[in-house]
Amino acid sequence: MLGWGAKSAWSGSRPTVTRRQKMKTKIGLLVSLAVIQLITAASLQAQELKLGELKLMYTEDEIPIRYDGSLSTIRKDGEMHFFHSFGCRLTTSETRRSRHSWHKGTPDDPLKCHVASKTEDEFWDYNGYYGDLAEEGIWILGMYQCPGGDILAITHAELNAGSGGRIERKEQRFALGLGYSTDGGATWTYCGEIVRPADDRQNVGGGAYILRGEYIYVYFNDAIPATTRGRGTKVHCVARAKLDTVIRAAAQHKVTTWHKYADGKWETPGLSGKPGDDIIPRIVGGEDLHADAAYCVPLGKYLLAVQTHAAGKLLLFASTDGVNWSHETTIDEIRNNNGAIQPYSAFVDFDGPSDDCHTVDEDFFIYFPRKGPDHEYDLIFRRKITIE
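The structure presented is a predicted model; accordingly, all values stated were derived computationally and were not measured.

Draft legend 1. Representation of the nonpolar core. Ranked by size, the top nonpolar core spans 25 residues in total, and within it Leu152, Leu178, Val218 and Trp258 carry the most contacts. Of all the elements in the fold, those that place two or more residues in this core are strand S8 (151-160), strand S9 (173-181), strand S10 (188-195), strand S12 (215-224), strand S13 (233-242) and helix H3 (243-251). If we skip the residues at most four places from it in the chain, leucine 152 touches Gly142, Met143, Tyr144, Cys146, Leu178, Gly179, Tyr180, Trp188, Ile216, Val246 and Ala250. With 20 residues, the next largest nonpolar core counts Ala208, Tyr217, Tyr261 and Ala291 among its residues.

Pasting the structure below:
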């Protein structure tokens, strides 16, 4: 060890660095950083989303479900399972079955094997909600598999108090909520509502969700209330809550407060009766958030599939932050449309990074129906998406 008075080999005179040399070094560093940024930008720009061939999966005679909501997906033991809710507020009958069903299958035959079906009463514990209504039903439109293996569901409720013992369709109300399952999705407990449109006669849609940072975001149809007795103006909105608090509350069959994105801030409670900001650009009109979403890892973007009702287009939007969306491409367009619609899309990645398909990689599928006027018939189509 050197003493305080000793000289080391490094204690001699040092070469003088001129101002010009310092400037050259600084310029060199700036140029290097600029080159790295250009290479990174070029790499990101090189990642392009490409649409594969449109494929008809099931005809009306072949389809094993009555398509009434987005397919939810959970990969179990290496096999992709598909969940579907139908007619949940309808009384069970031979002609219109109210049921929740699980199927499993392959990319070319996703609903090949029927696993299980249950009626509304067999499937749900309503946990004390809606017992005083003349008609109620809860659909599951999206599932998130929690870290411990339990499943959190994004739910869509259709509610009718009735009048004088009669169901008044014009007074039907809508809400997004949460469900929770501890047995792999065989049975569920309702946790409560998280969002209602400001005019809750507006069909809230729902099902699409993303994870961003410590939050979970849900997408839905909202409405700016009319100044008269008429219906409000439809807008497309997002609400969020911290994922860990959502899961903890749901495990106790409760909900926390969610907040809509409104006036550029996350401060408007989801059940406040106030609308959120309209975040989806109008491309053709008729845009609707009976939808699905996923994060695409190679693109570094969130993707959201949005139907357009009778306009006949299924649009794909992209965003880096879950709030500011732009039109990425058109997934499908019905030529000479006779009133068919294409809601209830589903992102499905059979070998992707998440078992519930909320994250997808460089190749995945989007499944969606074409529903005839007044839901008279159902066809299921699929389009493969690749990132190259």
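From this point, the discussion proceeds with the structure in view.
Draft legend 2. Just empty space enclosed by the protein, in detail. For the coordinates displayed, the defined rule picks out 1 cavity of 30 Å³ or more. The volume enclosed by the largest cavity comes to roughly 100 Å³. Taken together, 14 residues line the largest cavity, and the ones lying closest to its centre are Thr73, Met143, Tyr209, Asp292 and Asp356. Here the lining of the largest cavity gets 3 residues from one element, more than from any other, and that element is strand S7 (residues 135-145).

Draft legend 3. Here's a closer look at the layout of surface pockets. What the largest pocket holds in volume is close to 620 Å³. Every element with two or more residues in the lining of the largest pocket is listed here: S7, S8 and strand S16 (288-296). Looking at the lining of the largest pocket residue by residue, the class counts come to 8 nonpolar, 10 polar and 10 charged.

Draft legend 4. Layout of the pairing of S10. Among the 8 residues that make up S10, 8 are buried, leaving the element largely enclosed by the rest of the structure. As defined by bridge partners, strand S6 (residues 124-125) adjoins S10 across 2 bridges and the pair is classed as parallel. What sits directly across from tryptophan 124, in S10, is tryptophan 188. Bridge count between S9 and S10: 5 bridges; the pairing is antiparallel. Following the sheet pairing, glycine 179 is matched in S10 by tyrosine 190.

Draft legend 5. Local environment of the sheet that holds strand S14 (residues 259-262). Spatial ordering of the open sheet is given by S11-S12-S13-S14-S15, a layout of 5 strands whose pairing is antiparallel. Two strands bound the open sheet, and with one partner strand each, they are strand S11 (209-212) and strand S15 (265-269). The sheet shows a mean angle of 45 degrees between the axes of neighbouring strands, direction not considered. Where S11 lies against S12, 4 bridges are found, and the strand directions are antiparallel. By the bridge assignment for S12, tyrosine 209 is matched with valine 218. Against the sheet, H3 makes contact with S11, S12 and S13, and its axis sits at roughly 85 degrees relative to S13, the strand it touches most.

Draft legend 6. Highlighting the packing of aromatic side chains. Per the stated rule, a full pass over the model turns up 22 aromatic pairs. Look at phenylalanine 82 and tyrosine 367: their rings are 6.4 Å apart centre to centre, the planes differ by 75 degrees, and that puts the pair in the edge-to-face class. Taken as a pair, phenylalanine 82 in strand S3 (residues 79-86) and tyrosine 367 in strand S22 (residues 363-371) lie far apart in primary sequence, 285 residues in all. Here phenylalanine 82 falls in the buried class, since its relative accessible area comes to 1%. On the basis of relative accessibility, which here comes to 1%, the residue tyrosine 367 falls in the buried class. Consider the rings of phenylalanine 123 and tryptophan 188, whose centres lie 6.4 Å apart with planes at 40 degrees: the pair is tilted. One end of the pair, phenylalanine 123, is in helix H2 (residues 120-123); the other, tryptophan 188, is in strand S10, with 65 residues separating them in the sequence. Of the two residues, phenylalanine 123 and tryptophan 188, both sit in the buried class. One aromatic cluster is present, built from ring pairs that chain together Phe83, Trp102, Phe123, Trp124, Tyr126, Tyr129, Tyr130, Trp188 and Tyr190.

Draft legend 7. How the structure looks around the sheet that holds strand S5 (residues 109-118). A sheet is described by the order of its strands in space; here 4 strands give the open sequence S2-S3-S4-S5, paired in antiparallel fashion. Each end of this open sheet is capped by a strand with a single partner; those strands are strand S2 (72-76) and S5. For this sheet, the mean inter-axis angle between neighbouring strands, taken without regard to orientation, is 30 degrees. Taken together, the 5 bridges between S2 and S3 define a ladder with antiparallel strand orientation. Paired with threonine 73 across the two strands is phenylalanine 82, which belongs to S3.

Draft legend 8. Fine view of the pairing of S8. Burial within S8 is extensive, with 10 of its 10 residues counted as buried. Taking every second residue as pointing to the same face, both faces of S8 are buried, with Ile151, Ala153, Thr155, Ala157 and Leu159 on one and Leu152, Ile154, His156, Glu158 and Asn160 on the other. Of the pairings in the sheet, the one linking S7 to S8 comprises 10 bridges and is antiparallel in character. The partner of tryptophan 139 across the bridge, within S8, is histidine 156. Hairpin connection between S7 and S8: a loop of 5 residues separates the two successive antiparallel strands, and glycine 149 in this loop has a positive phi of roughly 105 degrees.

Draft legend 9. Representation of the side chain of glutamate 158 in the model. Among the secondary structure elements, glutamate 158 is positioned in strand S8. Within the structure, glutamate 158 has its side chain in polar contact with the side chain of glutamine 172 (distance 3.3 Å).

Draft legend 10. Spotlight on the pattern of salt bridges. Counting across every chain of the model gives 21 salt bridges. Here aspartate 199 ties to arginine 201 by a salt bridge, and the two come within 3.0 Å at their closest N and O atoms. The partner of glutamate 214 in a salt bridge is lysine 242, and the shortest N-O contact between them spans 3.8 Å. Within this pair, whereas glutamate 214 is found in the loop between S11 and S12, its partner lysine 242 is found in strand S13, the two being separated by 28 residues in sequence.

Each value, and the rule that gives it
- Residues numbered from 1 in each chain as written.
- Predicted model: local features only at pLDDT ≥ 70, side-chain atom pairs only at ≥ 80, totals over all residues.
- Heavy atoms only, no water.
- Core = buried A, V, L, I, M, F, W, Y, C linked by side-chain atoms within 4.5 Å.
- Buried < 20%, exposed > 50% of the residue type's maximum accessible area, 1.4 Å probe, protein only.
- Helix = DSSP H or I, 4+ residues; strand = E, 2+ residues; numbered from the N terminus.
- Contact = heavy atoms within 4.5 Å.
- 1 Å grid on protein atoms, 1.4 Å probe; cavity = no way out; pocket = protein on both sides within 12 Å on 5 of 7 lines; lining within 4 Å.
- Points joined across faces, edges and corners; volume = space filled by probe spheres on them.
- Nonpolar A, V, L, I, M, F, W, Y, C, P; charged D, E, K, R; others polar.
- Pairing = 2+ DSSP bridges.
- Axes fitted to C-alpha atoms, helices over the stretch in contact; angles between N-to-C directions.
- Phe/Tyr/Trp six-rings, centres within 6.5 Å; stacked < 30°, edge-to-face > 60°.
- Polar contact = N/O pair within 3.5 Å; in protein donor to acceptor, adjacent residues only side chain to side chain.
- Salt bridge = Lys/Arg side-chain N within 4 Å of Asp/Glu carboxyl O.

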